[in-house]
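Coordinate analysis (summary)
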Amino acid sequence: MLSQIVLASNNAGKLREFAALFAAHRIQILPQSAFNTPECAEPYGTFVENALAKARHASQHSGLPALADDSGICINALGGAPGVHSARYAGCNPKSDAANNAKASAELAPHADKSCYYVCVLVLVRHPNDPQPIIAEGIWRGQWQPESAGEHGFGYDPHFYLPKHGCTAAQLAPEIKNQISHRAQALQILLDKIRAA
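Residue indices begin from 1 for each chain and proceed along its sequence in written order. Two thresholds apply to this predicted model, a pLDDT of at least 70 for residue-level local features and 80 or more for giving and counting side-chain atom pairs, whereas whole-chain, interface and lining totals are computed over all residues. The basis for the side-chain values is all heavy atoms of the structure; hydrogens and waters are excluded.

By the naming in an unreviewed UniProt entry, the protein goes by dITP/XTP pyrophosphatase and is assigned to Kingella oralis ATCC 51147. What UniProt states about the protein under its Subunit (unreviewed entry) heading is, verbatim, "Homodimer." For the protein, the Sequence similarities (unreviewed entry) comment in UniProt is given as "Belongs to the HAM1 NTPase family." UniProt positions are given in the numbering used here, feature names are shortened, and annotations may be inferred rather than shown by experiment.

**Thoughts on the sheet that holds strand β3 (residues 66-75)**
Taking strand neighbours across the sheet as the criterion, the seven strands line up as β2-β1-β3-β4-β5-β6-β7 in an open arrangement whose pairing is mixed. The two strands at the open ends of the sheet, each matched to only one other strand, are β2 (28-31) and β7 (167-168). In the sheet, β3 pairs with strand β4 (residues 115-125) via ten bridges, with the strands oriented antiparallel. Of the residues in β4, the one forming a bridge with Gly72 is Val119. Set on the sheet, helix α3 (residues 97-108) makes contact with β3 and β5 (134-144); between it and β5 the angle comes to about 60°. Packing against the sheet, helix α5 (residues 182-196) makes contact with β3, β4 and β5, and its axis sits at approximately 160° to β5. Following DSSP output, two strands are said to pair if at least two bridges run between them. In DSSP terms, a helix is any run of H or I states spanning at least four residues, a strand is any run of E spanning at least two, and both are numbered starting from the N terminus. What makes two residues a contact is simply this: any of their non-hydrogen atoms within 4.5 Å. Every axis in this analysis is a line fitted to C-alpha atoms, fitted for helices over the stretch in contact. Angles between the N-to-C directions lie between 0 and 180 degrees.

Okay, structure coming up:
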C-alpha cells in the first residue's frame, strides 16, 4: 500500500482537499513544490493526457508516486468547449473566472440546449514510467444558467445549475459539494482502485 504521494499541483486548496481525504487511508500527500518541481506543460486536447503528463512529471522530479488531476467544464452546444481550456477560456492575461464565465454565457446565448457537465480525471502513477497508471473519472451534470448565483465554489460554479438541488454549485454548502462533485466522484473511484490494487 502507498504511504506517500506527491500532488502534481501548486494549488493550496487542492492540497488541503486531497490531504484530508487521503489521511483517512493513512496516505500522506506532499506538494510538488517540496521537490522544486517546475510547472508542467499541458499541451494535450484531453483531460486524461494532461493529467498523465503532470503525474509523470511530478514523479520524475520527486522519485515518489504522484497524483495529478485535470478538470474543466464541457458545454454540449459548444462542442464540449471550453473543456481542457476551462481555466484560460477567455485568455491568460490575466486568467479570470469572471471573463471565462462571460465568454461562455455569450457564446451559449443563441443556443436552446444549455446542458453541460464538469469532468475531473485523476491519474496516479507509482513511478515515472508506470505502464499501468490508475485512472479515475468523475462527471457532474447540470445546466448552464446565464445569471451568476452563489458565493461558494470557484470557476464556473455560479453558472452551473443543478436541477435536482434547485441551485447552482456556488449556492451549495461546501460540504455537500465535496460529496457530490466531479472531483469527489473521481476521488472515490480512485481510492477504491488503490485499495483493490
